[in-house]
Amino acid sequence: MPGIFTLICINVVYSLFAACIGPVFWTLVAEIFPNRIRGKALAFASFTQWVFNFLIVLLFPYFLESAGGAATFLFLAVMSAAQWLFTYLNVPETKGKSLEEIEQLWVAKKNATKTQDTKVH
């Protein structure tokens, strides 16, 4: 039974990763940042992407050996689900929009958040 659970967790990880940020990371970061900060933001996003890739590859064998396959892939499945949920709730659709229109989405969202914060206080 643990083998089946591990297989299910592996499939959940790959399914959520493939349905979320996995295949579109580089396109998304190139589109999502405003022109005035695009260079620095892309550098930071690329740096953090590679750092976390390195950490996952470095630590994966340790966790697989110490926690076992089921626990390791369950953790990765939960993290993938959290990533999917964050993306669903926070990343706007950019299909068919210009970079300026995408920037306006962020400005509008920031202004809406600022308005809500002032109403609460």
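Because the structure is a prediction, the values reported are computed rather than measured.

S.K.: How do you make sense of helix H4 (residues 69-90) when you look at a structure like this?
M.R.: An α-helix turns once per 3.6 residues; consequently, residues spaced three or four apart project the same way. An ideal rise of 1.5 Å per residue puts 32 Å on 22 residues; H4 measures up with 31 Å between its terminal C-alpha atoms. Every buried residue belonging to H4 is among Thr 72, Phe 73, Ala 77, Ser 80 and Thr 87, and all of these are buried. Buried residues in H4, looked at end-on, bunch into an arc of 130°, giving them a common side. Exposed and oriented more than 90 degrees from the buried face of H4 are Phe 75, Phe 86 and Leu 89.

S.K.: What should I look at first to understand a nonpolar patch on the surface in this one?
M.R.: A surface patch of nonpolar side chains, amounting to about 730 Å² of accessible area, comprises Phe 52, Phe 54, Leu 55, Leu 58, Leu 59, Tyr 62 and Phe 63. According to the relative accessible area criterion, Leu 59 is partly exposed, its value standing at 36%.

S.K.: Help me understand the confidence of the model for the protein chain, please; the structure alone is not making it clear to me.
M.R.: Close inspection of predicted coordinates is inappropriate for parts of the model with low pLDDT. Across the protein chain, the average pLDDT comes to 85, with 94% of residues at 70 or higher. Here helix H5 (residues 99-120) is the element of the protein chain with the lowest mean pLDDT, 74, and helix H3 (residues 38-67) is the one with the highest, 93.

S.K.: Please explain the environment of Leu 64 as it appears in this structure.
M.R.: Looking at where Leu 64 falls in the secondary structure, it is placed in helix H3. The residues touching Leu 64, leaving out its near neighbours within four places in the chain, are Gly 69, Thr 72 and Phe 73.

S.K.: Even after reading the chapter, I still don't get the packing of helix H2 (residues 25-32) against H3, so can you show me in this structure?
M.R.: Between two packed helices, what matters for the description is the angle formed by their axes and the separation of those axes. One way to put it is that H2 packs onto H3 with a least axis distance of 9 Å and a crossing angle of 155°. Our classification of the angle between H2 and H3 gives roughly antiparallel. Judged by the twist between their axes, the crossing of H2 over H3 is right-handed. Across from Phe 25, Trp 26, Val 29, Ala 30 and Glu 31 in H2, the residues of H3 making contact are Arg 38, Leu 42, Ala 45, Ser 46, Gln 49 and Trp 50.

Conventions we followed
Residues numbered from 1 in each chain as written. Predicted model: local features only at pLDDT ≥ 70, side-chain atom pairs only at ≥ 80, totals over all residues. Heavy atoms only, no water. Helix = DSSP H or I, 4+ residues; strand = E, 2+ residues; numbered from the N terminus. Expected span 1.5 Å × (residues − 1). Buried < 20%, exposed > 50% of the residue type's maximum accessible area, 1.4 Å probe, protein only. Arc of directions from axis to C-beta. Patch = residues over 30% accessible without salt bridge, like charges linked within 9 Å, V, L, I, M, F, W, Y side chains within 5 Å. Areas by Shrake-Rupley, 256 points an atom, 1.4 Å probe, with all protein chains shown as cover. Salt bridge = Lys/Arg side-chain N within 4 Å of Asp/Glu carboxyl O. pLDDT = per-residue confidence, 0-100. Contact = heavy atoms within 4.5 Å. Axes fitted to C-alpha atoms, helices over the stretch in contact; angles between N-to-C directions. Parallel < 35°, antiparallel > 145°, perpendicular 65-115°, else oblique. Left-handed = near helix turned anticlockwise from the far one by under 90°.

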